[in-house]
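Commentary on secondary and tertiary structure
Here is how the chains run, residue by residue.
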Amino acid sequence: MTDTTTTENPQPDGQASAGQEGAQLKLAASPVQMLMERSMALAIECHRGGNYPQAEELYRAVLSLDPGHADANHNLGAIAVECGQFLASVPFFQAALQANPKERQYWVSLVDALIQAGEANLAGGVLEDALRAGLAGDAAGEMVERLVAVAMERARSARPVAGRMPPKEQLAQINRLFDEEQFEAVLRMGRKMTRQYPQCTMGWKSLSAALMRVGQRDKAIEPMQRALALDPGDVDMLSNYGLALSLRGDLVQAEILLRQAVGHGPRFKQGWYNLGIVMRGQARLQAAESAYRSALEVDANDVGVLINLSVLLGEMNRLAEAEQYARKAIIVQPGHMQARISLGMLLKDQGRLPESLEVLRAAMDLAPADASALSSYLFVANCIPDMDPMERFAAYQRFNQHFGEPCRNLWRPHANERNPERRLRVGYVAPVFRNHACRQFLEPLLANHSHAQVELFAYSGLYELEDEVTDRYRTYFEHWIDTRDLDDDQLAQRIREDGIDVLVDIAGHTKGHRLGAFARKPAPVSLHWLDSGYTTGLTAIDYYLTDEPTVPTGQEGLFSEKPWRLPHASLVYRSNPGMGEVSELPALSRGYVTFGTLTRAVRLNQRVIRAWAALLKRVPGSRLEINSGNFSQVEVREQWFQRFEALGIERERILMGFESPPWNVMRRMDIALDCFPQNSGTTLIESLFMGLPLVTLASAPSMGTLGASVLTSVGYPEWIAQTEEEYVDKLVELASDLPRLAQIRTELRPRMQASALMDEAGFARDVETAYRQMFRTWCDAQVPGR
């Protein structure tokens, strides 16, 4: 049983300004406060000594003085549990949570009490809320196990319901239609079968499976429940129902169902596979790995499991293992595109860029019509230091030739009202409305939009499961459309029906993009902004939202869209609330300068390594810290140590590893290092916020000019270099003046906070002005004679 413990959280001391220079006086506790503290201390002493009546009386005395006292409420609930009064404990735990919803023990106690009261469904719902809030902790696994045990005991005590069965020919026909993917016919037969033979699970199972395949997930839930009511131990239905709930974000209930499925059928491969997906959705990566390996024990050559395990191991930064499973998937099924793409991206994560490009190029040749292969190739191409910008742009144009031009015959006139002064209907198409690196840039824009100026539509194509950030995103939009079950034609048609005036692509060529829908030109004005960081290649998209430093005048020929330059900054940044304060300059106490980077291995090409080696040679005694997930494994670090040693840098001067969150890593650094030709992304801006100056080498737009844009908007254009030599010289200059470096460290965050980069409201106004001007341009073009 989960321990329902007494809690004793210290209350903060009150403080008030003394009105004198920086002094603070601690206020004396009031008589009531002192009485409550003494009563709580005595109550806890009695509680731990087993004197429950006296403890209860003291806790209630505290509540008479402060009805919202969290620990007093919680501990009264704990006494009720210890006395076997499980339901009576629930209101106390709920009151404690209302007072302090961030206290993990309160959640644990409430779920535990509900389980012991036999309210498994309610317990699962509360645990779901706790997991979404990130507050269930290590107790979550134990609680789920207990809920699974309750559910399986119910299933064992229930017997499958026998009833009249349909003819064998009818069962064979519905199976054949399903295998032929004639899902509409299966729906018709399934509905008919459930009416004629309501006690037959086959009708309900077929109906639910077909509804899932045609994208009507919510409607599939009821027939799944009907089938399980007839046969609670049906492993197929348990697995399918679990998968359906997981897609809806009900991860705890999904896990309970899937663990029942594999409990009833330990060799049920699909159940283990789906359980792996759900565990990954809960960020329980070790449990996901265990589930996938259980599936492979049943079928060692299942390509889907091999690929998912490979992707999972990559996320865990076990890149060499991940590569092995991707290569095995290719051996089993040489034509499997996702296996080849996964291998290419794993090689990219190891910094093996030429090999990555070779694998992805072969995948493109194998399946020229596969958009994901080309998009992956384009991402890696941006990291190749010696690739000519025009050659790179030609690859993007290839995307337009294969996936854009064939859709031109689908372009149709738009009937939107040609009034540029009215409230505009703006649609954001993104797969990242969740806790994602884009959140720090996308959320401040959405949160600051003027709803008098724009009516917002979210076209959400989440390829990951929803989380608490998704819930927050929903509050920013008037309309939320789940696009996961819509193909490109259907999505384009929905956008037209919604009358969108300005359609914004957030993804570019990143995972989960919907460029196929944009290629059908479903809105009068369309543009790309934020993720991916370069052109989409599609001529169907009108604009690329940017600024002058990102796309300097004269560089328009490297974009299929027309660059639309915002006046102050190309993006806006909202800092993570957990970053903490800026530390003092470490070099002052250490006596040497520490350069550092949090970038991924994909950006560390030989030119970057060579420049960093030259920098270390020119700054005596300096160190270099490289900290990111790609460097968490010993064998990977050894490869990079050898690369530096080949350039004359002793490994003792290099510190590699991975810590998350990275805020204390940044506090160990004196100067941040940017990469080229692809600049660092979010970590570059986070480094500045933590007081770390940096030098950026401006190269080809726009992945190579992000650093220049950020430094310009913050007010440090002097840190922008144009050559590798100047890049090293500027870093040496910064490292050679410790007093100035210390001053910069104290100034950087306030200067950032006062800059255009963190002016959320100002950025939103700039963007809305741009949207209106873009729409006005379209309106003017529709008027004859203009």
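Residues numbered from 1 in each chain as written. Predicted model: local features only at pLDDT ≥ 70, side-chain atom pairs only at ≥ 80, totals over all residues. Heavy atoms only, no water.

Considerations on the overall build of the protein chain
Where we set the bar: Helical segments are the DSSP runs of H or I of at least four residues, strand segments are the runs of E of at least two, and each set is numbered from the N terminus. To get the radius of gyration, use the C-alpha atoms; to get the globule rule, take the number of residues to the power 0.38 and multiply by 2.2 Å. Throughout, exposure labels follow a simple rule: accessible area from a 1.4 Å probe, protein chains only, divided by the maximum for the residue type, with under 20% read as buried, over 50% as exposed, and the rest as partly exposed. Working rule for contacts: check all heavy atoms of both residues, and any pair within 4.5 Å makes them a contact. Only the protein chains shown count as covering a residue, and every accessible area follows the Shrake-Rupley method with a 1.4 Å probe. Residues scored as positive are Lys and Arg, those scored as negative are Asp and Glu, and His as well as the terminal groups of each chain are ignored. The atom standing in for a charge is NZ when the residue is Lys, CZ when it is Arg, CG when it is Asp and CD when it is Glu.
Along the backbone of the protein chain there are 34 helices and 15 strands. Whereas a compact globule of 786 residues would reach a radius of gyration of roughly 28 Å, the protein chain reaches 30 Å, a difference of no more than 12%. Principal axes of the C-alpha set define a box for the protein chain whose edges measure 80 × 75 × 60 Å. Counting across all 786 residues of the protein chain, residues that qualify as buried make up 56%. Taking the intrachain contacts of the protein chain between residues at least 6 apart in sequence as the baseline, contacts between residues at least 24 apart amount to 66%. When the accessible surface of the protein chain is summed, it comes to about 33,200 Å², and 51% of that surface belongs to carbon and sulfur atoms. Distance between charge centroids for the protein chain: 5 Å, based on 82 positive and 98 negative side chains.

A short note on the nonpolar core
Keep this limit in mind: Side-chain atoms within 4.5 Å are what join buried Ala, Val, Leu, Ile, Met, Phe, Trp, Tyr and Cys residues into a set we call a nonpolar core.
Formed by 107 residues in total, the largest nonpolar core has its most connected members in Tyr428, Trp529, Phe595, Trp612, Tyr727 and Tyr771. Among the elements that line this core, the one with the most residues is helix α34 (residues 760–782), at nine residues. Contact partners of Trp529, with chain neighbours within four places excluded, come to Phe441, Leu442, Leu445, Val504, Asp505, Ile506, Leu545, Ser570, Leu571 and Phe763. In terms of nonpolar packing, the next biggest core, distinct from the first, is built from 63 residues, Leu177, Tyr241, Leu257 and Leu275 among them.

Remarks on the side chain of Glu625
For the record, the criterion: For this analysis, a polar contact is any N or O atom pair within 3.5 Å, provided that within protein one partner can donate a hydrogen and the other can accept it, and provided that sequence-adjacent residues contribute only side-chain to side-chain pairs.
Tracing the sequence through the fold places Glu625 in strand β11 (residues 623–627). Engagement of the side chain of Glu625 in a polar contact is seen with the side chain of Arg668, the distance being 2.5 Å. With sequence-adjacent residues up to four places away left out, Glu625 is seen in contact with Thr594, Phe595, Gly596, Thr597, Leu655, Val665, Arg668 and Met669.

Describing the pattern of salt bridges
Note the threshold: By convention in these notes, a salt bridge is any Lys or Arg side-chain nitrogen within 4 Å of a carboxyl oxygen on Asp or Glu.
Per the counting criterion, the structure on display carries 46 salt bridges. As a salt-bridge pair, Arg217 and Asp485 come within 3.0 Å of each other at their nearest N and O atoms. Within this pair, whereas Arg217 is found in helix α11 (residues 217–230), its partner Asp485 is found in the loop between β5 (479–482) and α24 (488–497), the two being separated by 268 residues in sequence. One connected set of salt bridges, linked through shared partners, spans Glu289, Arg293, Arg318 and Glu321.

Details of the pairing of strand β6 (residues 502–505)
To keep things clear, this is the line we draw: At least two DSSP bridges between two strands are needed for those strands to be called paired.
Burial along β6 is two-sided: the face carrying Val502 and Val504 and the face carrying Leu503 and Asp505 are both buried. Relative to β6, strand β3 (residues 424–430) runs parallel, the two being bridged by four bridges. Bridge pairing in β6 links Tyr428 to Val504. Sheet analysis places β6 next to strand β7 (residues 525–528), joined by four bridges and oriented parallel. Bridging from a neighbouring strand, Val504 pairs with Leu527 of β7.

Notes on helix α27 (residues 606–618)
Note the following rule: For a helix, the expected span equals 1.5 Å multiplied by the residue count minus one.
When the terminal C-alpha atoms of α27 are compared, their 18 Å separation across 13 residues agrees well with the 18 Å that a helix rising 1.5 Å per residue should span. All of the buried residues along α27 are Val608, Ile609, Ala611, Trp612, Ala613, Leu615 and Leu616. Its buried side turned inward, α27 meets β10 (594–597), β11, α28 (634–645), β12 (654–657), β13 (671–673) and α32 (724–735). The N-cap of α27, judged by a side-chain oxygen 3.0 Å from the amide nitrogen of Arg607 a few residues on, is Asn605.

Points about unusual backbone geometry
Backbone torsion omega between Ser660 and Pro661 reads 0°, so that peptide bond is classified as cis. Locating Pro661 in the fold gives a position in the loop between β12 and α29 (663–667). Cis geometry is found at the peptide bond from Phe676 to Pro677, where omega equals 5°. Counting through the fold element by element, Pro677 comes out in the loop between β13 and α30 (682–689). For Leu530, which is not a glycine, the phi torsion comes out positive at approximately 85°. With phi around 80°, Ser532 is a residue other than glycine that occupies positive phi space. Accessibility expressed as a relative area gives 12% for Ser532, which makes it buried.

Some words on the sheet that holds β11
Pairing in this open sheet of six strands is parallel, and the strands run β12-β11-β10-β13-β14-β15 from one edge to the other. Strand pairing shows two members of the sheet lacking a second neighbour, β12 and β15 (720–721), which therefore form its edges. The pairing of β13 with strand β14 (residues 694–697) spans two bridges and is parallel. Residue pairing across strands places Leu673 opposite Val695, the latter belonging to β14.

Re the environment of Asp365
With respect to the helices, strands and loops of the structure, Asp365 is situated in helix α19 (residues 353–366). What makes Asp365 exposed here is its relative accessible area of 55%. For the pair Asp365 and Glu417, spaced 52 residues apart in sequence, the C-alpha separation works out to 45 Å.

Observations concerning the sheet that holds strand β8 (residues 543–546)
This is how it is decided: Lines are fitted to the C-alpha atoms to define the axes, a helix being fitted only along its stretch in contact, and any angle between axes, read from their N-to-C directions, falls within 0 to 180 degrees.
Strand order across the open sheet formed by seven strands is β5-β4-β3-β6-β7-β8-β9, with parallel pairing between neighbours. The open sheet has two edge strands, β5 and β9 (562–565), and neither has a second partner. Averaged over all adjacent pairs, the angle separating strand axes in this sheet is 25°, with direction ignored.

Some points on helix α2 (residues 52–65)
Applicable threshold: This arc describes the spread of directions from the helix axis toward the C-beta atoms.
Look at α2: 20 Å from first C-alpha to last across 14 residues, which is about the 20 Å you get at 1.5 Å a residue. Where α2 is concerned, the buried positions are Ala55, Leu58, Tyr59, Val62 and Leu63. One side of α2 carries all its buried residues, which in axial view fall inside an arc of 145°. Turned more than 90 degrees off the buried face of α2, the exposed positions are Pro53, Glu57 and Ser64. Residues of α2 that are buried make contact with α1 (31–48) and α3 (70–82). Two to three positions downstream of the cap, the backbone nitrogen of Gln54 sits 3.4 Å from a side-chain oxygen, assigning the N-cap of α2 to Asn51.

Side note on the environment of Thr723
Mapped onto the elements of the fold, Thr723 is located in the loop between β15 and α32. A C-alpha to C-alpha distance of 69 Å links Thr723 and Pro31, two positions 692 residues apart in sequence. Within the structure, Thr723 has its side chain in polar contact with the backbone nitrogen of Glu726 (distance 3.1 Å).

A closer look at the environment of Pro586
Mapped onto the secondary structure, Pro586 falls in helix α26 (residues 586–590). Along the primary structure Pro586 and Glu726 are separated by 140 residues, whereas in three dimensions their C-alpha atoms are 25 Å apart. If sequence neighbours within four positions are ignored, Pro586 has contacts with Arg667, Arg668, Met669, Asp670 and Arg745.

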